[in-house]
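Observations on chain architecture
These are the residues of each chain, in order.
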Amino acid sequence: MRRLSFLDLVFFITESQASPKHVGGLSIFSKPKGAGKNWVKDFYREWLSREDIAPPFNYLIDFKALGGPCWREDETAAIDEHVFYHSSKRVLSEEALYAMTASLHEPLMDRSKPLWEFHLIDNLAGNRFALYTKIHHAMADGVTLTRWLNHSLSKNPEAQTQTAVWQQTDTGVRRRKKRRENLFKSLARSGNQWRQVLVGISKLVTQLALEGVGLTTNAVSIPFKSREESPLTGEITPERQFASASIDMASLDKLRKATRCTLNHIALTCIDGALRNYLLDHGLELDRPISIQMPVNLRDKNDQVSGNKIGIVLVDLAPPTDDPYARLREIGFTLRAVRNQIDSVPAVAVSQYTAVLAVLLELIDILKLNRRLPAVADTLVSNVPGPKDFMYMHGARLEQSLPASTLAPGSQLNITLYSYAGTLYFGLMATSKVEDLASLSAYIEEAFAELETAVYKSR
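Keep in mind it's a predicted model, so treat the numbers as computed, not measured.

**Considerations on the overall build of the protein chain**
For the protein chain, the helix and strand inventory stands at ten helices and 15 strands. Looking at the protein chain as a whole, 55% of its 459 residues are labelled buried. Counting contacts in the protein chain only where the partners sit at least 6 residues apart, residues at least 24 apart contribute 78% of the total. With the model as given, the accessible surface of the protein chain reaches about 21800 Å², and the carbon-plus-sulfur share is 52%.

**Side note on a negative patch on the surface**
A cluster of like negative charges, contributed by Glu51, Asp52, Asp80, Glu81 and Asp110, occupies part of the molecular surface. Tracing the sequence through the fold places glutamate 81 in the loop between strand S4 (70–73) and strand S5 (83–86).

**Here's the deal with the confidence of the model for the protein chain**
Per-chain confidence: the protein chain averages 86 in pLDDT, with 85% of residues scoring 70 or above. Between residues 175–184, whose pLDDT stays under 50, and residues either more than four places distant or in other chains, the model counts six contacts.

**Quick notes on empty space enclosed by the protein**
In total, this model carries four cavities of 30 Å³ or more according to the counting rule given. Approximately 40 Å³ is the volume attributed to the second largest cavity. Around the second largest cavity, the lining residues are Pro20, His22, His105, Arg240, Ser405, Thr406, Leu407 and Met429. The class makeup of the residues in the lining of the second largest cavity is three nonpolar, four polar and one charged.

**Brief notes about the packing of helix H7 (residues 263–281) against helix H10 (residues 437–458)**
Two numbers describe how H7 lies on H10: the axes approach to 8 Å, and their chain directions differ by 125 degrees. Judged on the interaxial angle alone, H10 and H7 are oblique. For the crossing formed where H7 meets H10, the hand is right-handed. In this structure, H7 contributes Ile266, Thr269, Cys270, Ala274, Leu275, Asn277, Tyr278 and Asp281 to the contact, and H10 contributes Ser439, Leu440, Tyr443, Ile444, Ala447, Phe448 and Leu451. Residues of the contact of H7 with H10, tallied by class, amount to eleven nonpolar, three polar and one charged.

**Let's talk about the nonpolar core**
Core analysis: the largest hydrophobic core is formed by 66 residues, its most contacted members being Leu26, Trp47, Trp71, Trp116 and Trp166. Among residues more than four places away in sequence, those in contact with tryptophan 47 are Ile79, Val83, Phe118, Leu120, Leu131, Trp166 and Met393. One finds Leu268, Ile342, Leu417 and Phe426 within the second-largest nonpolar core, a separate group that totals 56 residues.

**Side note on the sheet that holds strand S9 (residues 291–297)**
Taken in spatial order, the six strands of this open sheet run S8-S15-S14-S11-S9-S10, and their pairing is mixed. Only two strands of the sheet have a single partner each, and these edge strands are strand S8 (240–248) and strand S10 (310–316). Here the strands of the sheet are splayed against their neighbours by 25 degrees on average, with no regard to which way each runs. When S9 meets strand S11 (residues 379–385), the two strands line up parallel, connected through two bridges. If you follow isoleucine 292 over to S11, its bridge partner there is threonine 379.

**Section: a nonpolar patch on the surface**
The grouping of Phe6, Ile13 and Val356 at the surface amounts to a nonpolar patch, some 250 Å² of accessible area in total. For isoleucine 13, a relative accessible area of 44% translates into the label partly exposed.

**Structural notes on the sheet that holds S5**
Strands sit in the order S5-S6-S7-S2-S13-S12 across an open sheet of six strands; the sheet is mixed. Each having just a single partner strand, S5 and strand S12 (392–393) make up the two edges of the open sheet.

**Quick look at the environment of tyrosine 98**
Mapped onto the secondary structure, tyrosine 98 falls in helix H3 (residues 94–105). Expressed as a C-alpha distance, the spacing of tyrosine 98 and glutamine 241, which sit 143 residues apart in the sequence, is 7.5 Å. Beyond its immediate chain neighbours, meaning those up to four positions away, tyrosine 98 contacts Leu26, Phe242, Ala243, Ser244 and Leu402.

**Side note on the pattern of salt bridges**
Counted according to the given criterion, the structure contains eleven salt bridges. Of the charged contacts in the structure, one is a salt bridge between arginine 256 and aspartate 253, with a shortest N-O distance of 3.4 Å. Of this pair, arginine 256 and aspartate 253 both sit in helix H6 (residues 249–259), separated by three residues, roughly a single helical turn. Looking at arginine 256, the relative accessible area reads 27%, which means it is partly exposed. For aspartate 253, a relative accessible area of 27% corresponds to the partly exposed category.

**Digging into the packing of aromatic side chains**
Under the defined criterion, the tally for this structure stands at 17 aromatic pairs. A centroid spacing of 4.8 Å and a plane angle of 45 degrees characterise the contact between phenylalanine 43 and tryptophan 47, whose relative ring orientation is tilted. With phenylalanine 43 and tryptophan 47 both in helix H2 (residues 39–48) and four residues apart, the pair spans about one turn of that helix. By the burial criterion, phenylalanine 43 is buried, and tryptophan 47 matches it. Aromatic ring contacts, followed pair by pair, group Phe29, Trp39, Phe43, Trp47, Phe57, Trp116, Phe118, Phe129, Trp148 and Trp166 into a single cluster. Here the basic side chain of arginine 329 rests over the ring of tyrosine 325, its NZ or CZ set 4.8 Å away from the ring centre. The side chain of arginine 397 reaches across the aromatic face of phenylalanine 390, ending 3.8 Å from its centre.

**A short note on helix H8 (residues 324–343)**
An ideal rise of 1.5 Å per residue puts 28 Å on 20 residues; H8 measures up with 28 Å between its terminal C-alpha atoms. Two to three positions downstream of the cap, the backbone nitrogen of tyrosine 325 sits 2.9 Å from a side-chain oxygen, assigning the N-cap of H8 to aspartate 323.

**Let's talk about the packing of H7 against H8**
Two elements in contact, H7 and H8, have axes separated by 9 Å at closest approach and are oriented at 120 degrees. Viewed along their axes, H7 and H8 adopt a mutual orientation that is oblique. The interaxial crossing formed by H7 with H8 has right-handed handedness. Packed against H7, whose contacting residues are Asn264, His265, Ile266, Leu268, Thr269, Asp272, Gly273 and Arg276, the element H8 presents Pro324, Arg327, Leu328, Ile331, Gly332 and Leu335 at the interface. Across the contact of H7 with H8, the residue classes break down as six nonpolar, five polar and three charged.

Reading the values: rules and limits
- Residues numbered from 1 in each chain as written.
- Predicted model: local features only at pLDDT ≥ 70, side-chain atom pairs only at ≥ 80, totals over all residues.
- Heavy atoms only, no water.
- Helix = DSSP H or I, 4+ residues; strand = E, 2+ residues; numbered from the N terminus.
- Buried < 20%, exposed > 50% of the residue type's maximum accessible area, 1.4 Å probe, protein only.
- Contact = heavy atoms within 4.5 Å.
- Areas by Shrake-Rupley, 256 points an atom, 1.4 Å probe, with all protein chains shown as cover.
- Patch = residues over 30% accessible without salt bridge, like charges linked within 9 Å, V, L, I, M, F, W, Y side chains within 5 Å.
- Salt bridge = Lys/Arg side-chain N within 4 Å of Asp/Glu carboxyl O.
- Lys, Arg positive; Asp, Glu negative; His and termini not counted.
- Charge placed at Lys NZ, Arg CZ, Asp CG, Glu CD.
- pLDDT = per-residue confidence, 0-100.
- 1 Å grid on protein atoms, 1.4 Å probe; cavity = no way out; pocket = protein on both sides within 12 Å on 5 of 7 lines; lining within 4 Å.
- Points joined across faces, edges and corners; volume = space filled by probe spheres on them.
- Nonpolar A, V, L, I, M, F, W, Y, C, P; charged D, E, K, R; others polar.
- Axes fitted to C-alpha atoms, helices over the stretch in contact; angles between N-to-C directions.
- Parallel < 35°, antiparallel > 145°, perpendicular 65-115°, else oblique.
- Left-handed = near helix turned anticlockwise from the far one by under 90°.
- Core = buried A, V, L, I, M, F, W, Y, C linked by side-chain atoms within 4.5 Å.
- Pairing = 2+ DSSP bridges.
- Phe/Tyr/Trp six-rings, centres within 6.5 Å; stacked < 30°, edge-to-face > 60°.
- Lys NZ or Arg CZ within 6 Å of the ring centre and 35° of its normal.
- Expected span 1.5 Å × (residues − 1).
- Polar contact = N/O pair within 3.5 Å; in protein donor to acceptor, adjacent residues only side chain to side chain.

Following this line, the structure appears as structure tokens:
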């Protein structure tokens, strides 16, 4: 059995019908040359023949185990309960595909089974098909899921012997050691970790307190400032909708070098401008910076262990301005302050602080206090890096990779970035309360064009 970390457990504690805690994505493939009408269905049947399921894909959650909740292996796991085929008589448009993605993303996952699903979607326009994937956030964060999916793909279009995701043996699952550790060493290690947690959380709380009473200025972002009635915040409903936007990576890299900024700086500048335009369309003009929750990866570069190693920080974007270049500069200052905040605190403390905050926000949601309290932030934005080259699955080229994530308590919208094969994709997952989601995705692309114009005109 494998024990859950506190952060992994929080994804179960905070889960509800209106707020399921799974992450996933929509991958759009072009069929190989010469593929017949039944290629996808035949591929689905071939997948069903791969019945051996390796850890952690055969893990069940056990809340009643001695010692606390844990994962245990399910010897009865059946592949046909996790891999599905969908086809329609009519060719699916992008709008219809996005609607299907949203409907597949809506329901809670069945906890009596291992918590993952693959859905092959046939008959897309342009001789294409799609793969919608979802997995419970307690099993994997976005970085881990991306690594697993990429290991099942190939850079070689001729490769036909790729390992299915659920049959991989290099997933980073740590087997429990049989030998007993010295009791004193175990207690010492545990005590040292808790000291790091207490010192780190104390430092984070002190930073917030100093900012709150005005002894520091813009050093950290303060939660619960979103006091306006907004179409982006409030009590979450179960219905979902999905949209996407994209930016050419070559153009982004050129702009990044011209401004000496990072991809995150530019992407958040586009999101900031897009959200302001969207809110203006709905009669809301903010006199303060838009605030976001932003997950940060707490893994070191050699960490391949499964599960979650993330923290969530609050970020204030730019003060109101019509100048995209000024917006970019302000966001650059803010992100540097955030980086300094994270680097000054042990990663384990950031992770535990995130878990406590998530439980608090879910309690606010359950008790309907979000009707009286301001939202912790306006939305949540995350970024997961993907492969730089085109990838293939049994000769089918992966053309687009669109992220689909979970909503934070009190937030009607999640925006996740994913870079793949020369394009930066924005996956927008929202409740049905967010009107005209497609207009927001269009504003993201428009904001990038406006930023390009502002930067190159100033040079």
